[in-house]
Protein chains: 2
Amino acid sequence: MKQQRSTRQRQLVLDAVRSRCDHPTADEIYIDVRASDSRISRGTVYRNLALLSDAGEILHVKVPGADRYDLRRGPHYHLLCTSCGAVSDLPMPYDPELDEQVSRATGCAISRHRTIFEGICPSCAEKQEAGE
Amino acid sequence: MKQQRSTRQRQLVLDAVRSRCDHPTADEIYIDVRASDSRISRGTVYRNLALLSDAGEILHVKVPGADRYDLRRGPHYHLLCTSCGAVSDLPMPYDPELDEQVSRATGCAISRHRTIFEGICPSCAEKQEAGE
DNA sequence: ATGGGTGCAAAGTGTTTGCAAGTAT
DNA sequence: ATACTTGCAAACACTTTGCACCCAT
């Protein structure tokens, strides 16, 4: 991995991710960062998000549609509301035993697994009942 | 859900998915279908893949990069080789109990979960050792 | 000074969609 | 006859990249 320099832009991106409790998309981070410095470009935000997640400073959550980023560092499970698109953390421990099981069963060197639960969050369920 | 008609194009798409043991991307299906009928358009393939997976005839596997489709119908877990991009099925039973756990913990109506294991498959591991 | 970093805009990649014509029911 | 489907191309959403200049080390 390349040597990382410390730049104002990189710091702004990192701060933007850390200042949010939800799971912002790259573009949401871009919007936030633009509020502090309107000259930062999308490319820079994308590049820095990639660098920071490679370095383990933030977590890259691969959700269909648009990838998201998370201030929590370790792997954990996520919940996606298929109605409103909100993503939230789940209070379940990551199970490394599964990775070992799969390693043994397949002969592959497993580095991790990603689990996303799909459902309808309570507020969306309400809206749907009201609407129909 | 809309009423489904039976068309030659739809059948070709379904056959193409069923004739493969791997997990083709929409574009791979498109290539296959074009071999039988060179006038089918990408749009039609995408539309039919969506319709068929909505109808439960095939499974939509949401892998980062490009979505894939699977002739197996029920939900199950997948393995993604982060080096060559190959996707394969895992011989592990789907655990519906997890969905209930999350439902209880969050109050959301969980419909399913998707798990993707990431690792390096044996043949890629070999190549990497040889290359370095 | 040197090599990574930045801004910009253009190009990619994967997917969806508006429309007029076609076709299964 | 009706309304779902198709082919085509344009549009989309998200992300990456080439390039010339900039700046942290």
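The rules behind each value
Residues numbered from 1 in each chain as written. Chains lettered and ligands numbered in written order. Predicted model: local features only at pLDDT ≥ 70, side-chain atom pairs only at ≥ 80, totals over all residues. Heavy atoms only, no water. Domains from an automatic or database assignment. Contact = heavy atoms within 4.5 Å. Buried area = accessible area lost by both parts, 1.4 Å probe. Salt bridge = Lys/Arg side-chain N within 4 Å of Asp/Glu carboxyl O. Polar contact = N/O pair within 3.5 Å; in protein donor to acceptor, adjacent residues only side chain to side chain. Helix = DSSP H or I, 4+ residues; strand = E, 2+ residues; numbered from the N terminus. Nonpolar A, V, L, I, M, F, W, Y, C, P; charged D, E, K, R; others polar. Pairing = 2+ DSSP bridges.

Residues and elements named next belong to chain A. By the assigned domains, chain A splits into domain 1 (1–72) and domain 2 (74–132). Taking only C-alpha atoms into account, the centre of domain 1 sits 22 Å from that of domain 2. Taken together, the contacts link 10 residues of domain 1 with 12 residues of domain 2. With both chains or domains summed, domain 1 and domain 2 bury close to 950 Å², and 57% of this area falls on carbon and sulfur atoms. Of all residues in domain 1, His23, Leu59 and Arg72 bury the most surface against domain 2, accounting for 50% of the area lost on that side. Taken together, domain 1 and domain 2 are joined by 1 salt bridge. Put simply, Arg72 and Asp89 hold a salt bridge, and the shortest N to O gap is 3.6 Å. For the interface between domain 1 and domain 2, the tally reads 7 residue pairs in polar contact (both at pLDDT 80 or more). Among the secondary structure elements, those contributing two or more residues to the side of domain 1 that touches domain 2 are strand 1 (59–61) and strand 2 (68–70). A total of 3 residues in the side of domain 1 that touches domain 2 trace back to one element, the largest contributor, which is strand 1.

Our focus in this paragraph is the interface of chain A and chain B. Counting residues at the interface gives 26 residues for chain A, matched by 26 residues for chain B. Both sides together, the interface formed by chain A and chain B hides about 2,200 Å², and carbon and sulfur atoms give 67% of it. Together, Arg114, Phe117 and Glu118 of chain A form the three largest contributors to the area buried by chain A at its contact with chain B, with a combined 25%. At the boundary of chain A and chain B, one finds 2 salt bridges. Put simply, Arg114 of chain A and Glu118 of chain B hold a salt bridge, and the shortest N to O gap is 2.5 Å. Of all the secondary structure elements, the ones that give two or more residues to the side of chain A that touches chain B are helix 4 (96–106) and strand 5 (109–120) of chain A. Broken down by element, the side of chain A that touches chain B gets its largest block of residues, 12 residues, from strand 5 of chain A. Here the residues of the side of chain A that touches chain B are counted per class, giving 14 nonpolar, 7 polar and 5 charged. Pairing of strand 5 of chain A with strand 5 (residues 109–120) of chain B involves 11 bridges; the strand directions are antiparallel.

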